[in-house]
Number of protein chains: 2
Amino acid sequence: MQKSDALSPSPEKARGRGRPRAFDREAALAEATRLFWAKGYEATSISDLTEAMGIGSPSLYAAFGSKDALYAEALDYYREHFDAFVWGNFHKAPSAREAIEAFLVDSASALTGYVADIPCGCMVTLSSVGSEGHPELGNLVRSARASTFDRVKQRLEQAVAEGEIPASTDLNALARYVQTVQNGMSILARDGAECPELKSVAEVAMLSWDRYTRPTQAG
Amino acid sequence: MQKSDALSPSPEKARGRGRPRAFDREAALAEATRLFWAKGYEATSISDLTEAMGIGSPSLYAAFGSKDALYAEALDYYREHFDAFVWGNFHKAPSAREAIEAFLVDSASALTGYVADIPCGCMVTLSSVGSEGHPELGNLVRSARASTFDRVKQRLEQAVAEGEIPASTDLNALARYVQTVQNGMSILARDGAECPELKSVAEVAMLSWDRYTRPTQAG
DNA sequence: AAAATTATATATCGATCGATGCAAAAATCT
DNA sequence: AGATTTTTGCATCGATCGATATATAATTTT
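Residues numbered from 1 in each chain as written. Chains lettered and ligands numbered in written order. Predicted model: local features only at pLDDT ≥ 70, side-chain atom pairs only at ≥ 80, totals over all residues. Heavy atoms only, no water.

S.K.: Explanation requested: the overall build of chain A in the structure shown.
M.R.: Across its full length, chain A holds nine helices and zero strands. Ordering the α and β elements of chain A from the N terminus gives α-α-α-α-α-α-α-α-α. For chain A, buried positions account for 46% of its 219 residues. Considering only contacts in chain A between residues 6 or more positions apart, those separated by 24 or more positions represent 66%. With an accessible surface of roughly 10800 Å², chain A has 48% of that area assigned to carbon and sulfur atoms. (Helix = DSSP H or I, 4+ residues; strand = E, 2+ residues; numbered from the N terminus. Buried < 20%, exposed > 50% of the residue type's maximum accessible area, 1.4 Å probe, protein only. Contact = heavy atoms within 4.5 Å. Areas by Shrake-Rupley, 256 points an atom, 1.4 Å probe, with all protein chains shown as cover.)

Laid out in structure tokens, this is it:
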């Protein structure tokens, strides 16, 4: 008579001592992700997390193991649930130019919170984890940051193969450039830049693309 | 007989008028700046600071007041001693285009530590102070970040006044773009990007300038 | 319904955080 | 010289950090 598939959440929170009901792990992870995203790893304390999740610290440790492990899971959650805001149209675009433009324009929207009720800036880009004291998490976020470059460069290679851009193009320089612009957007977004402002940045940035992918000017 | 006039700030070795065994305040501030720069505000503890400075915590508090105040002084020290690496040629350039190009190219050198033995990335750009818990310092670094935009935009306005670029140019978009590229460079530099890589980014970025400052294509 | 299981809340752990009180020690002033 | 001044090193403060042991209560099994 009880199916109890491990997640039958009730939004009501039981206040009694003891065991009110198994908390919703997914919802708690979502809260943790938002908190880490908005405040960063070090600035987010266990107290902050347990308060936002509505659970006690033993439940947190039983469910996620440690603060580090929770952050790692939050990173996965972030990439799984929010990357589409930035990369969705990129992957659907028929040409590299449209893909890059979609990536930058959609980044402008996503990073400023115009597409959903989310913190400003990219959780991965703005994470300062790894500067000291957390080498494992540092490698994690660094590799996450590197994936932006990888995706862009891979798309550029495809564009070369398809003849969209000249084979003589310096794909590393171009991909680093795109990565640089998108990274910079996160910082501006965190400081309060608005979506239209960043969209204009994206448009200006694309002018370099047009120029750079046409080495011999042939108007 | 004694040269200490008891109320003029010692110009040279910063020898306190009391006990000469007093530590070198300037050198200590330099160490603190480097530490904050490399590790960030929250990740740098008082213990880290006192160890690097070679003093005890009471001396630190007597000399600087608090961790916050020390960070504020470190920011001043940073701007006073290292901004020239990035802005020196910008201010000397005869045209806005050369100024912007110098700014981006010199940023590539400075942010990757090619001009001196300094941490990678910009202390101001990468500072996550203000995300939570330190509103005063947050405003400080935010305004410091805003100064990049202000300087660039002011130079663009001058360029319009001098007829270097069309009056119809969207200076906000262009200045935000330059700011975005330079901010992004800091993140790449922190992740280990090399100087030549960022210089190529600067060159690609300048292609947008050439295109954007010529609204009616007249190649 | 009683027993066994499970996950919670309370309370607290040692370590470290930023910040200070105190007395010893060194240099200037008288 | 001695008295005063001032910084330092040692020790420690209360608060908070991340993490855990214990006890209790709701759920599951028998």
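S.K.: Just to check I follow, could you spell out the relation of the copies chain B and chain A for this structure?
M.R.: One copy of the chain maps onto the other through a rotation about an axis plus a displacement along that axis. If you rotate chain B by 180° and push it 0.0 Å along the axis, it lands on chain A with an RMSD of 0.0 Å. With respect to symmetry, the two chain copies, as superposed, fit the operation of a two-fold axis. By residue overlap, the copies meet face to face through one surface: 97% of the interface positions of chain B are interface positions in chain A. (Least-squares fit on C-alpha atoms with pLDDT ≥ 70 in both.)

S.K.: What is the right way to read the interface of chain B and chain A from this model?
M.R.: A common way to express how large an interface is: the accessible area buried when the components associate. Contacts between the two partners involve 35 residues from chain B and, on the opposite side, 35 residues from chain A. Of the roughly 3300 Å² buried between chain B and chain A, counting both surfaces, carbon and sulfur atoms make up 63%. Here Arg145(B) makes a salt bridge to Asp191(A), at a shortest N to O gap of 2.5 Å. Here chain B is connected to chain A by 10 residue pairs in polar contact (both at pLDDT 80 or more). For the side of chain B that touches chain A, the leading source of residues is helix H8 (residues 171–190) of chain B, giving 13 residues. Classifying every residue of the side of chain B that touches chain A gives 14 nonpolar, 11 polar and 10 charged. (Buried area = accessible area lost by both parts, 1.4 Å probe. Salt bridge = Lys/Arg side-chain N within 4 Å of Asp/Glu carboxyl O. Polar contact = N/O pair within 3.5 Å; in protein donor to acceptor, adjacent residues only side chain to side chain. Nonpolar A, V, L, I, M, F, W, Y, C, P; charged D, E, K, R; others polar.)

S.K.: Where do I start with the UniProt feature "domain: HTH tetR-type" (unreviewed entry) in chain A in this structure?
M.R.: Those places that UniProt annotates as "domain: HTH tetR-type" (unreviewed entry) correspond, in this numbering, to residues 22–82 of chain A. For residues 22–82 of chain A, the helix share is 77%, the strand share is 0%, and the end-to-end C-alpha distance is 26 Å. (UniProt positions renumbered as here; feature names shortened; annotations may be inferred.)

S.K.: Help me understand the UniProt feature "DNA-binding region" (unreviewed entry) in chain A in this model?
M.R.: According to UniProt, the feature "DNA-binding region" (unreviewed entry) maps to residues 45–64 of chain A in the numbering used here. Secondary structure content for residues 45–64 of chain A is 80% helix and 0% strand, and the end C-alpha separation is 15 Å.

S.K.: Can you walk me through the layout of surface pockets in this structure?
M.R.: Which parts of space are left empty comes out when a probe the size of a water molecule is rolled across the atoms. Quantified by volume, the second largest pocket comes out at close to 640 Å³. In this structure, the second largest pocket is lined by 39 residues; those nearest its centre are Leu126(A), Ser128(A), Arg190(A), Ser127(B) and Ser128(B). Put simply, the parts of the chain that give the lining of the second largest pocket at least two residues each are helix H1 (25–39) and helix H6 (123–126) of chain A together with helix H1 (25–39), helix H6 (123–126) and helix H7 (135–161) of chain B. Its residues placed into classes, the lining of the second largest pocket shows 21 nonpolar, nine polar and nine charged. (1 Å grid on protein atoms, 1.4 Å probe; cavity = no way out; pocket = protein on both sides within 12 Å on 5 of 7 lines; lining within 4 Å. Points joined across faces, edges and corners; volume = space filled by probe spheres on them.)

S.K.: What should I look at first to understand the packing of helix H4 (residues 67–92) of chain B against H7(B) in this one?
M.R.: Relative placement of two packed helices is described by the angle separating their axes and the distance separating the axes. Residue and element names in this part refer to chain B. In contact at an axis separation of 11 Å, H4 and H7 are set at 15° when each is read in the N-to-C sense. It follows from the interaxial angle that H4 and H7 lie roughly parallel. Crossing angle aside, the handedness with which H4 passes H7 is right-handed. Contacts between H4 and H7 pair Asp 68, Tyr 71, Ala 72, Leu 75, Arg 79, Asp 83, Trp 87, Phe 90 and His 91 from the former with Leu 137, Leu 140, Val 141, Ala 144, Ser 147, Thr 148, Arg 151, Val 152 and Arg 155 from the latter. Of the residues contributing to the contact of H4 with H7, the split by class is 10 nonpolar, three polar and five charged. (Axes fitted to C-alpha atoms, helices over the stretch in contact; angles between N-to-C directions. Parallel < 35°, antiparallel > 145°, perpendicular 65-115°, else oblique. Left-handed = near helix turned anticlockwise from the far one by under 90°.)

S.K.: Any chance you could explain H1(B) here in plain terms?
M.R.: Every α-helical turn comprises 3.6 residues, leaving residues that sit three or four positions apart pointing alike. Residues and elements named next belong to chain B. Relative to the 21 Å expected for 15 residues at 1.5 Å per residue, H1 spans 21 Å between its end C-alpha atoms, a close match to the ideal helical length. Here H1 has its buried residues at Ala 28, Leu 29, Ala 32, Thr 33, Leu 35, Phe 36, Trp 37 and Lys 39. Those residues of H1 that are buried are in contact with helix H2 (46–53), helix H3 (57–64), H4 and H6. Immediately downstream of H1, the backbone of Gly 40 shows phi near 95°, a positive value. (Expected span 1.5 Å × (residues − 1).)

S.K.: Looking at this structure, I do not really get the side chain of Arg176(A). What am I missing?
M.R.: Its place among the elements puts Arg176(A) in helix H8 (residues 171–190). What Arg176(A) contacts, discounting residues up to four positions off in sequence, is Phe149(A), Leu188(B), Glu197(B) and Val201(B).

S.K.: Can you help me understand the environment of Leu198(A) in this one?
M.R.: Residue and element names in this part refer to chain A. Its location among the elements puts Leu 198 in helix H9 (residues 195–212). A relative accessible area of 0% means that Leu 198 is categorised as buried. For the pair Leu 198 and Val 105, spaced 93 residues apart in sequence, the C-alpha separation works out to 7.8 Å.

S.K.: How do you make sense of the pattern of salt bridges when you look at a structure like this?
M.R.: Should their charged atoms come close, side chains of opposite charge can pair. Following the criterion strictly, the structure yields 15 salt bridges over all chains and no others. In this structure, Asp48(A) and Lys39(A) form a salt bridge, with 2.9 Å as the shortest nitrogen-oxygen distance. Judged by relative accessible area, Asp48(A) falls into the partly exposed class, the value being 24%. The class of Lys39(A) is buried, set by a relative accessible area of 16%. The partner of Arg97(B) in a salt bridge is Asp210(B), with the nearest N and O atoms 2.7 Å apart. Taken together, the residues span a long stretch of sequence, with Arg97(B) in helix H5 (residues 96–111) and Asp210(B) in helix H9 (residues 195–212) at a distance of 113 residues. On the basis of relative accessibility, which here comes to 15%, the residue Asp210(B) falls in the buried class. When salt bridges that share partners are traced, they join Arg97(A), Glu101(A) and Asp210(A) into one network.

S.K.: How should I be thinking about the packing of H8(A) against H9(A) in this particular structure?
M.R.: Residue and element names in this part refer to chain A. H9 packs onto H8 with a crossing angle of 170° between their chain directions and a minimal axis gap of 11 Å. The angle between H8 and H9 falls in the class roughly antiparallel. For the pair H8 and H9, the contacting residues are Ala 173, Leu 174, Tyr 177, Val 181, Met 185, Leu 188 and Ala 189 in the first and Leu 198, Val 201, Ala 202, Ala 205, Ser 208, Trp 209 and Tyr 212 in the second. Taken together, the residues of the contact of H8 with H9 break down into 13 nonpolar, one polar and no charged.

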